[in-house]
Amino acid sequence: MTTTGSSRTAPARRPHRTTAAPDSGSPAPPAPAGRAPLKGRLAVLAVTLGIFTIVTTEILPIGLLTRIGADFGVSDGTAGLMMTLPGFLAACAAPTVTVATARFDRRLMLCGLVALLALANFTAAAAPVYWLVLLSRVLVGVVIGGFWSIGVGLAERLVPAASAGRATAVIFSAVPLGSVIGVPAGTFLGDLAGWRTACAAVGGLAVGVWVLTALVLPPLPAAVRATSPALLRATLRGVHTRFALLMTFLVVLAHFGAYTYVTPFLERTTHLTTAATVTLFLLVYGVAGVVGNFAGGAVVARRPRTVFGTAAALLALATLLLPVLGREPVGALALLVVWGVAYGAVPVASQTWFAKAAPGAPEAASVLFTASFQATLSLGALAGGMVVDRTSPAVVMVLGGATAALVALVAWLHFAKRPAWPVG
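Residues numbered from 1 in each chain as written. Predicted model: local features only at pLDDT ≥ 70, side-chain atom pairs only at ≥ 80, totals over all residues. Heavy atoms only, no water.

The helix and strand tally for the chain stands at 20 helices and zero strands. Buried positions account for 55% of the 424 residues belonging to the chain. Taking the intrachain contacts of the chain between residues at least 6 apart in sequence as the baseline, contacts between residues at least 24 apart amount to 87%. Approximately 16100 Å² of the chain is accessible, and the part contributed by carbon and sulfur atoms is 72%. (Helix = DSSP H or I, 4+ residues; strand = E, 2+ residues; numbered from the N terminus. Buried < 20%, exposed > 50% of the residue type's maximum accessible area, 1.4 Å probe, protein only. Contact = heavy atoms within 4.5 Å. Areas by Shrake-Rupley, 256 points an atom, 1.4 Å probe, with all protein chains shown as cover.)

Have a look at this one:
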């Protein structure tokens, strides 16, 4: 996505960016032209599976929320801390891990982070008390922050330049696929054999990913101009980076404030009586997310504001109507499809916006994207948990929809003020 997003840079402005490059850093050298295509594809597959496993681990508690809460005797809001903690830790870990390990081989870093992910899942599966589950989620947060910041920008180092854009799209497809395959499968397994078995299974998947990563990823020395605190501060000073932060904050707050508690909504408001039906609804939502990811990805490089604004408007429509039309299974399912398509476009739209705002510092842009996304994910889950414990899941949906409507309004106002994407 970043490669596609930067391809429309006007030739007349390139000298300006070249002048600024020494101060803002530069991307790592691309993969050598002679590298075997099969090895490059396998390396991309390893990174994609790593992100898939991370996404599955991160959001699996959404499908198992009520079961885990009942097992430990905690409320839905308290169980929602399983979503809150990883995001906050990831937001801190993204800049900290990336800067602290700036001179480390990226292959070794990814292997270490995947091993830590496996440990986190096995810890949750064996936890006799709830605080150990929360400790495992702390480890998940560290993995998310480090792996995302390092991994999403590696495509150009794993495959020839002509294939980098496609490889980046494949890596990002792991996000909706985690919703389509990972979470429904984990939820289904949790229904059959218990949530602990589901966590252990994801831990086993992480072990497999670790083996693949160690075998197929080439040595990846750190970039000549590594990400530093000064580079992050310089990137943050850009007006378009700040606007990307604002938009990401609002839309992720709206989504995760509501979606974290979609299972209680489906059980209590839609009155789905079986866990298998809830799993099916989440699967349909995930398929819609894949459609939204590729549909948004096809046009986001040319129209990032349009994609962002449209996604926010559809998300607002779905969540605002859920308490009204979602009382019946057909209405709830239809609105989940709209919601899935809408949110499926959000991560790629947000990451592309950050990349366009900081074209000379791709790893720094990935750090800011990861940190802002994860911090807001946690804040949304926390805020939704406070609301759901005091009111109902339906109220959470309405508040999420109102926030998403604000995102659509802000995007429209920004579009009206700046109709063309600035190149400088």
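Turning next to the confidence of the model for the chain. A residue-level look at the chain finds 85% of positions with pLDDT of 70 or above and a mean pLDDT of 79. Predicted confidence is poor over residues 30–36, with pLDDT under 50, and the contacts of this stretch with residues over four places away or in other chains come to nine contacts. Between residues 419–424, whose pLDDT stays under 50, and residues either more than four places distant or in other chains, the model counts 15 contacts. (pLDDT = per-residue confidence, 0-100.)

Here T213 is to be found in helix α11 (residues 195–216). Here T213 falls in the buried class, since its relative accessible area comes to 3%. Looking at T213, its side chain comes within polar contact range of the main-chain oxygen of V209, at 2.8 Å. Residues in contact with T213, not counting those within four places in the same chain, are A46, R107, L110 and C111. (Polar contact = N/O pair within 3.5 Å; in protein donor to acceptor, adjacent residues only side chain to side chain.)

Here the idea is plain: a probe the size of a water molecule rolls over the atoms and shows the empty space left. Summed over the entire model, instances satisfying the criterion amount to three cavities of 30 Å³ or more. Its volume calculated, the largest cavity comes out at about 320 Å³. Looking at the largest cavity, it is lined by 22 residues, and the ones nearest its centre are V175, F256, Y343, P347 and F373. Going through the elements one at a time, α3 (37–72), α10 (174–193), α13 (239–259), α15 (275–299), α17 (329–344) and α19 (362–390) are the ones with two or more residues in the lining of the largest cavity. Looking at the lining of the largest cavity, the element that brings in the most residues is α19, giving five residues. (1 Å grid on protein atoms, 1.4 Å probe; cavity = no way out; pocket = protein on both sides within 12 Å on 5 of 7 lines; lining within 4 Å. Points joined across faces, edges and corners; volume = space filled by probe spheres on them.)

This part covers the pattern of salt bridges. Scanning all chains against the criterion turns up two salt bridges. When the shortest N-O distance is used, the salt bridge between R67 and D191 registers 2.8 Å. With R67 in helix α3 and D191 in helix α10, this residue pair connects regions lying 124 residues apart in the sequence. Residue class for R67 comes out partly exposed when judged on its relative accessible area of 22%. Overall, the relative accessible area of 27% leaves D191 in the partly exposed class. In this structure, R196 engages D71 in a salt bridge whose closest nitrogen and oxygen atoms are separated by 3.9 Å. Here the residue R196 occupies a position in helix α11, and D71 occupies one in helix α3, the gap between them amounting to 125 residues. Since its relative accessible area comes to 28%, R196 is described here as partly exposed. (Salt bridge = Lys/Arg side-chain N within 4 Å of Asp/Glu carboxyl O.)

What follows deals with the layout of surface pockets. The computed volume of the second largest pocket comes to approximately 170 Å³. Lining the second largest pocket we find P37, R41, V44, V159, P160, S163, R166, A167 and V170. Contributing elements (two or more residues each) for the lining of the second largest pocket: α3 and α9 (164–172). Here the lining of the second largest pocket is composed, by residue class, of six nonpolar, one polar and two charged. (Nonpolar A, V, L, I, M, F, W, Y, C, P; charged D, E, K, R; others polar.)

So, about the packing of helix α16 (residues 304–325) against α17. The relative placement of two packed helices comes down to the angle between their axes together with the axis-to-axis distance. α17 packs onto α16 with a crossing angle of 160° between their chain directions and a minimal axis gap of 8 Å. In terms of their interaxial angle, α16 and α17 are classed as roughly antiparallel. α16 and α17 meet at a crossing whose hand is left-handed. Residue-level contacts link A311, L314, L315, A318, T319, L321, L322 and L325 of α16 to G331, A332, L335, V338, W339, A342 and Y343 of α17. Looking at the contact of α16 with α17 residue by residue, the class counts come to 13 nonpolar, two polar and no charged. (Axes fitted to C-alpha atoms, helices over the stretch in contact; angles between N-to-C directions. Parallel < 35°, antiparallel > 145°, perpendicular 65-115°, else oblique. Left-handed = near helix turned anticlockwise from the far one by under 90°.)

A few words on the environment of P329. Tracing the sequence through the fold places P329 in helix α17. In the structure, P329 is positioned 63 residues away from L266 in sequence and 8.5 Å away in space, judged by C-alpha atoms. Among residues more than four places away in sequence, those in contact with P329 are T270, L272 and F281.

What follows deals with a nonpolar patch on the surface. A grouping of F88, F249, L379, L382 and M386 is seen on the molecular surface, where their side chains present a nonpolar patch of about 390 Å² in accessible area. A total of three residues in the nonpolar patch trace back to one element, the largest contributor, which is α19. Examined against the element boundaries, L379 turns out to sit in helix α19. For L379, a relative accessible area of 32% puts it in the partly exposed group. (Patch = residues over 30% accessible without salt bridge, like charges linked within 9 Å, V, L, I, M, F, W, Y side chains within 5 Å.)

In a regular helix each residue adds 1.5 Å, so 20 residues correspond to 28 Å; helix α5 (residues 81–100) covers 27 Å between its end C-alpha atoms and thus fits that length. Approximately 35° is the largest bend angle found in α5, and it occurs at A93, with the proline P95 only one to four residues beyond. Every buried residue of α5 is accounted for by M82, M83, T84, P86, G87, A90, A91, A93, A94, V97 and T98. (Expected span 1.5 Å × (residues − 1). Bend = angle between axes of the 7 residues up to and from the residue.)

To continue, consider the packing of aromatic side chains. Across all of its chains, the model carries six aromatic pairs by this definition. Considering the side-chain rings of Y259 and Y285, the 4.6 Å spacing of their centres and the 20° angle between planes classify their relative orientation as stacked. Highlighted residues: Y259 in helix α13 and Y285 in helix α15, separated in sequence by 26 residues. Grouping residues by exposure puts Y259 and Y285 together as buried. Relative to W339, the ring of Y259 has its centre 5.7 Å away and its plane inclined at 75°; by these criteria the two rings are edge-to-face. On the criterion of sequence distance, the pair formed by Y259 in helix α13 and W339 in helix α17 is long-range, its members being 80 residues apart. Given the relative accessible area of 0%, W339 is considered buried. Joined through ring pairs, the aromatic side chains of F72, Y130 and W195 make up one cluster. (Phe/Tyr/Trp six-rings, centres within 6.5 Å; stacked < 30°, edge-to-face > 60°.)

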